[in-house]
Every structure is written in structure tokens, then in C-alpha cells.
Amino acid sequence: MPIRWPTAHWFLPEDPAVLERLNEQVSITVAGMEAFAAWAAGDVDAGDRVREKEHEADEAKLAVRIALRDAFITPVSPEDVFTLSQSIDRLLNDAKDVVREAEVMDMAPDEPMAEMAGLVLEGMKHLMRACEAITPHGGDNFRSATSAADDATKSARRMEKVYRRAMSDLLDPPVEEVGGHEHVREVTGRRELYRRLSRIASTIADVADRVWYAAVKEM
């Protein structure tokens, strides 16, 4: 009876290109969020840059998947890399949708949106630090990755506070602003934009949790 050797590829070299491709996607996403924050602060032309970066990020996401397909063995779990890439892609997609929705409704960003977009950018920069620190066999890199992930979660929580405050103000306007078609349109439109931004905060927190999961498994 022939001997069946156990399948194992612990002896194969790890392919760092997978993490390089992931970090390239993250870097493009940060650039997209910089444009998003600029748009929310009043730079109308920055909306086009958000769309451009979203398309670049789609190509970078594809590069991550090709690297995963071609790698014999990855520095961290392929599932973790795939999930991180997918969730990070959703962040910029959602930011682009906020811009598009505001344009469709002909509704310029306001102060709460600018504040929330600034926190999105802050959280994304923390996620970039976290992803750059994800490497196998933990140690100081484990602490760097999880600390940056925690900072991203804090940014998301601050964003949720801005969201709740903005929604409260929206539903309790000065008396002179109450009533009329324009008021209803304003409340409905702002509420939708605020909710879309709040979903971005939730995704930032989800990515941060996945960084923790990936880092713990590599300890």
C-alpha cells in the first residue's frame, strides 16, 4: 500500500506580494477619503476625485484577489486578506454614494457632514497603520496593528456621536424653519446623507475588528 504523505506547505516561502497589494488598496482608499473630506468641507470639484479614486481602488482590489489566487502561501490567512480588502472597498464605495446622493438631491454638504467625513478620513488613516502592521508571528507588530485598529474604532464612535447630534438638531429645528415643502425636503435629504455616513462608521469598526481577528490568529 503506498504511503500517503500529509499535505503541508509550511516549507514553501510566504508571498509578501499579497500584503503589498492590500496596502496599495488601502493607500488609494486613504487618498479617496482625503478627497471625500475635502468635498464635504466645500470643495465641489473633490467629488470627481472621489470617483476617480473609487475606480482605482476597484483595480487595486482585483490585484489583491489575483495575488491571493497566485500565492502558494500567504503571510496571513487568505480569508482575512480577502475580507479586509472587500470591506475596505465598501468604505470608498459608500463615500462615493454619499457624493452621488448629495448631487442628485442638489444638497450641499453641511457642517455635520464635514465633521463626519473628517472622522472617516481619520479612521481610515488608523486602518492604514493597522494593515501595514499586520504580519505573522505577532510581537510588536501585533501591538501596533491592534492599537491602530482601536484608534480607528474610536474615530468611528466619535462619528456616531456627531451623527446622533446632527439627527437631533435636524428633527428639532428653530420654529421659523418648520413647515413647508422645502423643510420636508431638507429633513428627508439630510437624514439620508447622515445615515449613509453612519454606515461608513460601522464599516470602519468592522474592519478594525477584522484586523484584531487577523492579528490574534497570527500570534
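Computed from a prediction, not measured in an experiment: that's the story for all the values here.

1. Quick look at the packing of aromatic side chains
Applying the stated criterion across every chain, the model contains 2 aromatic pairs. For the pair Phe142 and Trp212, a centre-to-centre distance of 5.8 Å together with 85 degrees between the ring planes defines the contact as edge-to-face. Placement of the pair is Phe142 in helix α5 (residues 140-171) and Trp212 in helix α6 (residues 181-217), with a sequence separation of 70 residues. For Phe142, a relative accessible area of 15% puts it in the buried group.

2. Re the nonpolar core
One recurring pattern in soluble globular proteins is that nonpolar side chains are buried together. In this structure, Met33, Phe36, Trp39 and Ile200 are the most contacted members of the largest nonpolar core, which totals 65 residues. Contributions of two or more residues to this core are made by α1 (17-40), α2 (46-70), α3 (78-104), α4 (111-133), α5 and α6. Of all the elements, α1 adds the most residues to this core, at 12 residues. When near neighbours in sequence (up to four residues on either side) are disregarded, Met33 contacts Leu91, Leu92, Ala95, Val120, Leu121 and Met124.

3. Notes on the packing of α1 against α2
Following both chains from N to C, one finds α1 and α2 inclined at 170 degrees, their axes separated by 8 Å at the closest point. Judged by the angle between their axes, α1 and α2 are roughly antiparallel. Grouping the amino acids of the contact of α1 with α2 by side-chain chemistry returns 17 nonpolar, 4 polar and 5 charged.

The rules we used
Residues numbered from 1 in each chain as written. Predicted model: local features only at pLDDT ≥ 70, side-chain atom pairs only at ≥ 80, totals over all residues. Heavy atoms only, no water. Phe/Tyr/Trp six-rings, centres within 6.5 Å; stacked < 30°, edge-to-face > 60°. Helix = DSSP H or I, 4+ residues; strand = E, 2+ residues; numbered from the N terminus. Buried < 20%, exposed > 50% of the residue type's maximum accessible area, 1.4 Å probe, protein only. Core = buried A, V, L, I, M, F, W, Y, C linked by side-chain atoms within 4.5 Å. Contact = heavy atoms within 4.5 Å. Axes fitted to C-alpha atoms, helices over the stretch in contact; angles between N-to-C directions. Parallel < 35°, antiparallel > 145°, perpendicular 65-115°, else oblique. Nonpolar A, V, L, I, M, F, W, Y, C, P; charged D, E, K, R; others polar.

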